[in-house]
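Residue-level structural notes
Here is what each chain is made of, one letter per residue.
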Amino acid sequence: MPQPSAQVTAAEISRIAGVTRATVSNWRRRHDDFPAPSGGTESSPLYDLEAVRGWLEARGQSSAATPSEELRTVLRLHGPGSGVAARLFPLVLATSRRSPDELTALDELPDSDVVAHADSASAEVAVSVPEAEAVRFRADDVGALRALIRCVRDEGAQTTLDVLAERELDDTASSGTYQTPVGLADLMARLLPGRTARVLDPACGSGTLLAAAARRGATELYGQDSLPVQAQRSAVRLLLSAPDAQVTVRTGDTLRADAFPELRVGGVLCNPPYGDRDWGHEELAYDQRWAYGVPPRIESELAWTQHALAHLESGGYAVMVLPPATAARASGRRIRAELVRSGALRAVVGLPIGASAPLHIGLHLWILRRPEPGGTDSKSVLFVDVSGEQREGPPSSPRAAYSRLRHRRTGVDWNTLSDEILSHWTSYKDDPESFTDAPGAARAVATIDLVDDLVDLTPARQVRAASADIDPAEVAQHAAEQRELLTASLNVLESAAGYGPWEAAAESSQAWRTATVSDLARGGALSLLRAAVPVGRGDSRTGSPEPGGTERPVLTASDIGSGARPSGTAEDLRTDAAHTVTAGDVLVRGLAGGSGIMARVADEADAEALLGHHIHLLRPDPARLDPWFLAGFLGAEDNIAGASTGSTIVSVSPGRLRVPLLPLEEQRRYGAAFRRAYGLRTAARRTAELAEETAQALLTGLTAGALLPPSEGPPSEDPSAEGPSA
C-alpha cells in the first residue's frame, strides 16, 4: 500500500519558498494551476507537499529554506512510518567528524557514490548508537542524505540531530518528551558533589542532564530510555558534546528491564515520567530495589526514587525532578517516612511555576543520598522554597516576598535562582547542625517533626515564617520604602495627566488618506519582520547560554501589553529564527483581545532583547516615518479590529493595518502626543501595582504583629467605614 504524501500548511510553503504568507495567499488567488488543498479545513487548508514543490520548480521558484528546513521538508516527503529519520542518526555522528570542505566534496559526488559513502560511514559508528544496526541506504534516500550533509555542514550536527528527533517523535506519536531546560539541568548537576565521575540518568530523554554532568567533569555517562529515538538521540548528542567521556546508552523500560542492574555510580540525575499507572506495580512487587517500601500503583515517582537510590554507591547523591503531589500524597506517606528516618532524603527544593514542563505547576527537586554503613544518622532535612508561592502565615521578609512576587512575574532567572539554592544547600551540606534558617526561604526541619501522620514534605509549608521570625524594624522599613515608591509614582502620574490641553478638532473629526503596512513596506518606508518561531517538540535550538554565559532576555507579548521590560527567557524560542530588538522599533502584539497596550516603541532598555512569540516588529525609516506616530495609529482599537481574523484566537495581520499619510513634521506632533498618552497609561498601571503592594505590606505587618496602627489617623468621612463599636 503506497504511503500518503506529506501535507504542508501555507505557512510552511512560505518558509520553503522563502516568501511571506501573503505571497502564498496571492499565488492561491491569482494562479489557477496552484495545487488545490488536499486536506485540512476551509480556514486552515493543507497542501500536498510534492505537488507544491513541483509547482514551485515549474515556476523557477528555487527554495530559499535554511538547510534545517530543507531537511524537514525532505523527511516529510518520505511519509509517516518510513523510519528514514531513525536510520540517519548514526550518519549525523559520522558526518560531524568531517570538515566542511570534505562535506562539500561529498555532496558534489554522484548519487550512487553518496549512498555508498553513507553506508560505509554509518557502519563505522553504528556500534556507538543503541539499536542502530548498520543499514543499507537506497537510491530514493539520496535526497535525505544530501539534505543531512548540508545541514551538518551549515548548521551543525546538534541542529541536524534535533530535526531528525522531531520527525521520529512525530512518527512514533510519543508524548511527554519535553526537554529539561538547560538552566535546570546545570543546577541539578551542580547539586552533585564536585567532579562526580560516574553519572546515571535512568530516563535520559535527549541527554540534557548527562550533558550537564559532562560539563561538570563527569567522565562516565550512563543512560536508558524506553523510546529508541530518545536513546539514539541522547547517545549521539553525548558523543558530540563530550567526546572524551565514556558514553553508554541503552533502550528499554527502566523499571521493568533495568539495563544496568549491577551498576553503582556516584551520582544520579533524573527527570522521570509523572503519573504513570502502568509502571509494573504488580510484577515488581517483590523487587529488591524497594528498600523503603513497595510503591503503590499511583506512586510511580517513588519507584523511580528508590531505583535511583539502588544505583548509588555508599555516600552517592541523586537529584530528581518530581511533581509536588509526591511530597504530600497520602498513599506515599510510609515511604516518605522511611526516606526521612533513614537519612536518605537530604533536601527538597520548591521551584517556581514554569521552571520545567509541565509549566502550569511548580515542580520539586529532591536531593537524596545513599546512607553509608555505620555513618552518623541525619537529624534533619533541608527545605528551600523559591517557588514564590504565598502560603498561610506571614512571610519571613517583606523584601524577600516582594522579590519572589517580582520573580514570578518576570520568568525564571536561572543564574539568580541557582545561586540562591546552591548557597543554602552548600551551607547545610557542610554542617547541618549549625545551619542558620532563612525564614520564608530555607529551613532545616528536624526529622522527628516531619514523621507525623502526614509526612508532608512540601517546601512552601515547611519554610513559612512564624511571627517570631519576623523583624518588626525590617517590616517597618519595607513599608516605608513602599510608601515612598508609591508617592513618587503618584507624582509621575499627576505630571502625565497634566499634559495638555487637548483641543477639539474642527466641527467634524479629521480624515486622512491612508496606506497599509504592506504598501509602506513595499515602498521602503519600513521593514516588517516575522515573529520568532516556537520550538517544536524535541527541538533544542534555544537561547540558553553556555556555562558562564549570559542569557539574553526575550520581549514577550505580555511585556508589550503591560508596558514591562523584556522578561521572557529563550527556553522555548528558536534563536536561529529570532530577531534582535533595537531602539526605535515598533512592536505590535500578534494576538488581539484582552487588556493592555497593543503597540509600543522599543527604547534603549528593550534594545538587544530577542523578539518573542506572537509579536510583529516594524522597523520604520526615521526619515519617512515617526515611530511613535506609527505605534499610536497601529494600536488603535478600530485599526486592530479591521486587521484581525479568527474567532476563538484572534490574530492580527500586520500587513492590513492602516496608517495615515501625513508630512513628517505633522507625524512628530502626533507622535509626541501618543508618547504622552502611553506614559500616562504606564504610570497609571505602575501606580496601581505599587498601591496593591503597599497595602499588602501594611496588612501583612499589622496581622503579623510587626506593625502598630498609627496613633493618629485621618478622620473617616464615611461613618459606615468605621469599625463596629465595642
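Whatever comes next refers back to the structure up there.
First, a word on scope: everything that follows refers to the structure included in this document. (Residues numbered from 1 in each chain as written. Predicted model: local features only at pLDDT ≥ 70, side-chain atom pairs only at ≥ 80, totals over all residues. Heavy atoms only, no water.)

Considerations on helix H5 (residues 84–95)
The end-to-end C-alpha distance of H5 is 17 Å, a good match for the 16 Å that 12 residues give at a rise of 1.5 Å each. Within H5, 12 of the 12 residues are buried, which leaves it mostly tucked inside the rest of the structure. Looking at H5, one finds that the buried residues are Val84, Ala85, Ala86, Arg87, Leu88, Phe89, Pro90, Leu91, Val92, Leu93, Ala94 and Thr95. (Helix = DSSP H or I, 4+ residues; strand = E, 2+ residues; numbered from the N terminus. Expected span 1.5 Å × (residues − 1). Buried < 20%, exposed > 50% of the residue type's maximum accessible area, 1.4 Å probe, protein only.)

Side note on unusual backbone geometry
Residue Pro358 is reached from Ala357 by a cis peptide bond, and omega for that bond is -5 degrees. Its identity as a non-glycine residue notwithstanding, Val455 has a phi of 50 degrees, on the positive side. Checked against the element boundaries, Val455 lands in the loop between helix H17 (447–450) and helix H18 (459–462). In this structure, His614 is a non-glycine residue whose phi angle is positive, near 55 degrees. Among the secondary structure elements, His614 is positioned in the loop between strand E18 (610–611) and strand E19 (615–620).

With respect to the pattern of salt bridges
Tallied over the entire structure, the rule returns 28 salt bridges. Arg522 serves as the salt-bridge partner of Asp519, at 2.6 Å between the closest nitrogen and oxygen. Taken together, the residues Asp519 and Arg522, both in helix H20 (residues 517–522) and three residues apart, mark about one turn of the helix. In this structure Asp519 comes out as partly exposed when scored by relative accessible area, which is 36%. (Salt bridge = Lys/Arg side-chain N within 4 Å of Asp/Glu carboxyl O.)

Remarks on the packing of H5 against helix H8 (residues 142–155)
Orientation of H5 relative to H8, taken along the N-to-C sense of each, is 40 degrees, at an axis distance of 11 Å. Taken together, H5 and H8 sit at an angle that is classed as oblique. The handedness of the crossing between H5 and H8 is right-handed. Touching Val84, Leu88, Leu91, Val92 and Thr95 of H5 are Ala144, Leu145, Leu148 and Val152, all from H8. (Axes fitted to C-alpha atoms, helices over the stretch in contact; angles between N-to-C directions. Parallel < 35°, antiparallel > 145°, perpendicular 65-115°, else oblique. Left-handed = near helix turned anticlockwise from the far one by under 90°. Contact = heavy atoms within 4.5 Å.)

Structural notes on the sheet that holds strand E9 (residues 345–350)
Within the open sheet, the nine strands sit side by side as E6-E5-E4-E7-E8-E10-E9-E11-E12. Their pairing is mixed. Where the open sheet ends on each side, the last strands, each with one partner, are strand E6 (246–251) and strand E12 (442–446). Here the strands of the sheet are splayed against their neighbours by 15 degrees on average, with no regard to which way each runs. In the sheet, strand E5 (residues 220–225) pairs with E6 via six bridges, with the strands oriented parallel. Paired with Gly223 across the bridge in E6 is Val249. Relative to the sheet, helix H16 (residues 414–430) contacts strand E8 (312–322), E9, strand E10 (364–369), strand E11 (380–385) and E12, its axis offset from that of E11 by approximately 170 degrees. (Pairing = 2+ DSSP bridges.)

Things to note about the pairing of E10
Burial within E10 is extensive, with five of its six residues counted as buried. Judged from the six bridges that link them, E8 and E10 form a sheet pairing that is antiparallel. For Tyr317, the partnering residue across the bridge sits in E10 and is Arg369. Relative to E10, E9 is paired through five bridges, and the arrangement is antiparallel. Across the sheet, residue Ala347 finds its bridge partner in E10, namely Ile367.

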